[in-house]
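Here is how the chains run, residue by residue.
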Amino acid sequence: MKVWTMLAKSISLTAVLLLLSCSVSYKLNGSNIDYSKTKTIQIAEFPIRATYVWGPMESMFNNELKNIYANHTKLSLVKRNGDLKVEGEITQYSQRNKSVSSEGYSAQTELSITVNVRFTNNVNHAEDFERSFTSTSSYSTTQSLAAVQEGLVQEMIKDITEQIFNATVANW
């Protein structure tokens, strides 16, 4: 009986020590952030540096980028000296013919957005990077760009901001 009591105490002590030695890391919606070390994020405004410009796109992108971090992490947004820093610019917004009909006319047009991102992790500089993220969407040439532009741009911005989020805090 005494051996079993000592064995139970030994197992309990081992379990407690094992739990105490583990580091604490929280994950919300795929993020991989150690909130004991990383508490703040600085997100700069991304200006449009593309040749072709659609005015509302800049504010749509900047708002969506901030929202994804606010909604999926516990990081506080700061104006400077963030533990994480995301900055860059919208470098390309263009359209091109994607397919041709049997009559030789354009049947589909592809709209594309590219964003250049510079990410700095002031807690772990090994994770710093500069990379471009692109999203495309197609529409029928029977529709005008003005009729579909807002919806397609929103869709592409959502895709790009998710790519940026995954590359910066989800480590995908």
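To be clear, the structure that these remarks concern was listed above.
Residues numbered from 1 in each chain as written. Predicted model: local features only at pLDDT ≥ 70, side-chain atom pairs only at ≥ 80, totals over all residues. Heavy atoms only, no water.

*Asks:* Is there a simple way to think about the packing of helix 2 (residues 57–72) against helix 3 (residues 145–168) in this case?
*Replies:* Between two packed helices, the angle of one axis relative to the other and the distance separating the axes together describe the packing. Running from amino to carboxyl end, helix 2 crosses helix 3 at an angle of 40 degrees, the nearest separation of the two axes being 9 Å. The pairing of helix 2 with helix 3 is recorded here as oblique in orientation. Relative to helix 3, the crossing made by helix 2 is right-handed. Contact with helix 2, carried on its side by M57, M60, F61, E64, L65, I68, Y69 and H72, involves E150, V153, Q154, I157, K158, I160, T161, E162, I164, F165 and T168 of helix 3 and no other residues of that element. Of the residues that constitute the contact of helix 2 with helix 3, the class distribution is 11 nonpolar, four polar and four charged. (Axes fitted to C-alpha atoms, helices over the stretch in contact; angles between N-to-C directions. Helix = DSSP H or I, 4+ residues; strand = E, 2+ residues; numbered from the N terminus. Parallel < 35°, antiparallel > 145°, perpendicular 65-115°, else oblique. Left-handed = near helix turned anticlockwise from the far one by under 90°. Contact = heavy atoms within 4.5 Å. Nonpolar A, V, L, I, M, F, W, Y, C, P; charged D, E, K, R; others polar.)

*Asks:* I keep staring at the sheet that holds strand 4 (residues 106–121) and nothing clicks. Help me out?
*Replies:* Two pairing modes exist for strands in a sheet, parallel and antiparallel, and in both the strands are linked by backbone hydrogen bonds. The five strands are arranged 2-1-3-4-5 in an open sheet whose pairing can be described as mixed. Every other strand in the sheet has two partners, leaving strand 2 (76–77) and strand 5 (129–140) as the edge strands with one partner each. Both strand 4 and strand 5 contribute to a ladder of 12 bridges, which runs antiparallel. Considered in strand 5, the bridge of E110 is made with S138. In the packing of helix 2 onto the sheet, contacts are made with strand 1 (40–43), strand 2, strand 3 (84–100) and strand 4, and the angle to strand 3 comes to roughly 125 degrees. Contacts from helix 3 reach strand 3, strand 4 and strand 5, with the element oriented near 150 degrees to strand 5. (Pairing = 2+ DSSP bridges.)

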